[in-house]
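Chain and residue survey
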Amino acid sequence: MIRFLIPLNGMLAAISPQASAAISVTSSTANWTVINYADPNQADPSKDQQTGSEEGDIVGNATHGSLYTAFDNGGTPGNLTDGEIGFRVRLAGDANPGGLKTVIWVGIDVNSDGKVDLFAGALEDSRIGYYPAGNSANTSPNTTSINSSAPYHQVVSSATNFNFSAVTAANDSTATNFNLDQGTGGGADHNDQFVSFKLAFAPLVAAVNGMNLLGLNNFNENTPLRFIAATSNNANVLNMDLNGVNGGTKSNTSWIDLNGFTKTFTSNGTAIPEPSSLVLISVAGLLLGIRRRN
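Residues numbered from 1 in each chain as written. Predicted model: local features only at pLDDT ≥ 70, side-chain atom pairs only at ≥ 80, totals over all residues. Heavy atoms only, no water.

**Observations regarding the overall build of the protein chain**
Scanning the protein chain from terminus to terminus reveals three helices and 12 strands. Counting over 294 residues, the protein chain shows a buried share of 50%. Once local pairs closer than 6 in sequence are excluded, the contacts in the protein chain between residues at least 24 apart make up 70%. In the form shown here, the protein chain has an accessible surface area of approximately 13,000 Å², with 52% of it arising from carbon and sulfur atoms. (Helix = DSSP H or I, 4+ residues; strand = E, 2+ residues; numbered from the N terminus. Buried < 20%, exposed > 50% of the residue type's maximum accessible area, 1.4 Å probe, protein only. Contact = heavy atoms within 4.5 Å. Areas by Shrake-Rupley, 256 points an atom, 1.4 Å probe, with all protein chains shown as cover.)

**Remarks on the packing of aromatic side chains**
All chains considered together, the criterion is met by eight aromatic pairs. The interplanar angle of 40 degrees and the centroid separation of 5.9 Å between the aromatic rings of Phe87 and Phe197 together place this pair among those described as tilted. Taken as a pair, Phe87 in strand E3 (residues 84-91) and Phe197 in strand E9 (residues 193-200) lie far apart in primary sequence, 110 residues in all. For the pair Phe87 and Phe197, a shared accessibility class is recorded, and that class is buried. Ring geometry for Phe87 versus Phe227: centroids 6.0 Å apart, planes at 65 degrees, classification edge-to-face. Here Phe87 is found in strand E3, whereas its partner Phe227 is found in strand E10 (residues 224-232), with 140 residues between them in sequence. When its relative accessible area of 2% is taken as the criterion, Phe227 is described as buried. Ring pairs connect the aromatic residues Phe71, Phe201 and Phe219, which therefore count as one cluster. Across from the ring centre of Phe194, 4.8 Å away, lies the NZ or CZ of Arg88, which sits over that ring. (Phe/Tyr/Trp six-rings, centres within 6.5 Å; stacked < 30°, edge-to-face > 60°. Lys NZ or Arg CZ within 6 Å of the ring centre and 35° of its normal.)

**Digging into the pattern of salt bridges**
One pass over the structure, following the stated rule, counts six salt bridges. Salt-bridge contacts for Asp172 lead to Arg90; the nearest nitrogen and oxygen are separated by 3.1 Å. Taken together, the residues span a long stretch of sequence, with Asp172 in the loop between strand E8 (162-166) and E9 and Arg90 in strand E3 at a distance of 82 residues. Each of the two residues, Asp172 as well as Arg90, counts as buried. Measuring nitrogen to oxygen at the nearest pair gives 3.4 Å for the salt bridge that ties Lys101 to Asp94. (Salt bridge = Lys/Arg side-chain N within 4 Å of Asp/Glu carboxyl O.)

**A few points about the sheet that holds E9**
Ordered in space as E1-E2-E3-E9-E8, the five strands form an open sheet in which the pairing is antiparallel. Taken across any chain shown, the strands that pair with only one partner, and hence form the sheet edges, are strand E1 (33-34) and E8. (Pairing = 2+ DSSP bridges.)

**Re the pairing of strand E4 (residues 103-109)**
Across the seven residues that make up E4, a large majority, seven, are buried. Residue alternation in E4 divides its side chains into two sets, Val103, Trp105, Gly107 and Asp109 and Ile104, Val106 and Ile108, and both sets are buried. Bridge analysis of E4 against strand E5 (residues 118-123) gives six bridges, and the strand direction is antiparallel. Residue pairing for E5: Trp105 is matched across the bridge by Gly121. Across seven bridges, the pairing between E4 and E10 is antiparallel. Residue pairing in the sheet places Ile108 in a bridge with Phe227 of E10.

**A closer look at the nonpolar core**
The biggest cluster of nonpolar side chains holds 35 residues, and the ones touching the most others in it are Val110, Phe197 and Phe227. Residues contacting Val110, with those up to four places away along its chain left out, are Asp117, Leu118, Val208, Leu213, Leu216, Phe219, Thr223, Pro224 and Leu225. Of all hydrophobic cores here, the second largest spans 15 residues; its members include Ile228, Leu242, Val245 and Trp255. (Core = buried A, V, L, I, M, F, W, Y, C linked by side-chain atoms within 4.5 Å.)

**Topic: the side chain of Asp172**
A relative accessible area of 2% means that Asp172 is categorised as buried. Apart from the residues within four sequence positions on either side, Asp172 is in contact with Thr29, Tyr68, Arg90, Val167 and Phe194.

**Section: the confidence of the model for the protein chain**
Per-residue pLDDT for the protein chain has a mean of 84; in total, 81% of the residues score no lower than 70. Scored below 50 in pLDDT, residues 1-18 makes 23 contacts in the model with residues more than four places away or belonging to other chains. Overall, residues 276-294 carries pLDDT values under 50, and its contacts beyond four positions in sequence, including any with other chains, amount to 13 contacts. (pLDDT = per-residue confidence, 0-100.)

**Thoughts on helix H2 (residues 202-211)**
For H2, the set of buried residues is Pro203, Leu204, Val205, Ala207 and Val208. Those residues of H2 that are buried are in contact with E4, E5, strand E6 (127-132), strand E7 (153-156) and E9. Directly beyond the C-terminal end of H2, a positive phi value near 55 degrees is found at Asn212.

**A word on the side chain of Asp82**
Assignment of secondary structure puts Asp82 in the loop between strand E2 (67-72) and E3. No salt bridge is formed by the buried Asp82; its nearest oppositely charged neighbour, Lys198, is found at 14 Å. Polar contacts involving the side chain of Asp82 include one to the side chain of Thr76, which spans 2.5 Å. The contacts of Asp82, once residues within four sequence positions are left out, are Phe71, Asp72, Asn73, Gly74, Thr76 and Phe201. (Lys, Arg positive; Asp, Glu negative; His and termini not counted. Polar contact = N/O pair within 3.5 Å; in protein donor to acceptor, adjacent residues only side chain to side chain.)

Below you can see the structure in the form of structure tokens.
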């Protein structure tokens, strides 16, 4: 019997090396990594927010990302647990009066078990931080909640760590549409908006290592993760829009069956090939080695 041993860490590093640069929350998307889905056409349906707010509607398509990340390793390549991590979400507009009045959540599945383990979030335009998932199952939209009253780490929003501004040719040079949902009227600014925020990475490391998720106690920038993103008008639930899912905030269908999780990435923005791709790479390498020996 032939067995295939796949050295994930080394292979991934060889496939997708990532450079690091200081994170600016106002910088162009050229400096951010799109966190996408297995289906490249899947981003987020327009006008599927549950409360009617343009500002709560996450938007995106095959050529306009709805969720991004950025990473700065702190200038210490040998240290895999310091630096900063950033998130950016594209919304359909800015409801009147101006300014972010929506809670932005990025849920993280750390050990690929289909459960949202914790959240990075922007609580309107006042606070950003890392927050525990609630005590429910957290395996579907209706069973997912956030314990925002007991943050792992929380800071006041400032011009350096948070930004809410219109999508323009300057901050998204590849964009061909700045009003993806084609919204009009109602006194809102219907130009798409970016919500961008960044946080120190070390508190995320401490939070994950403290969870003892299947023995995972050495979390670092190379640990595989997958994400959900959502908006809310409440700091404890997901009740406005789910990224990549058409409506469904009350659904008991699992995140996995809804295809609500993104593809798998590391914190430093390295995309991880699907298992089938890894097997093909390993088989190709094995066959090449056999051919050379012959």
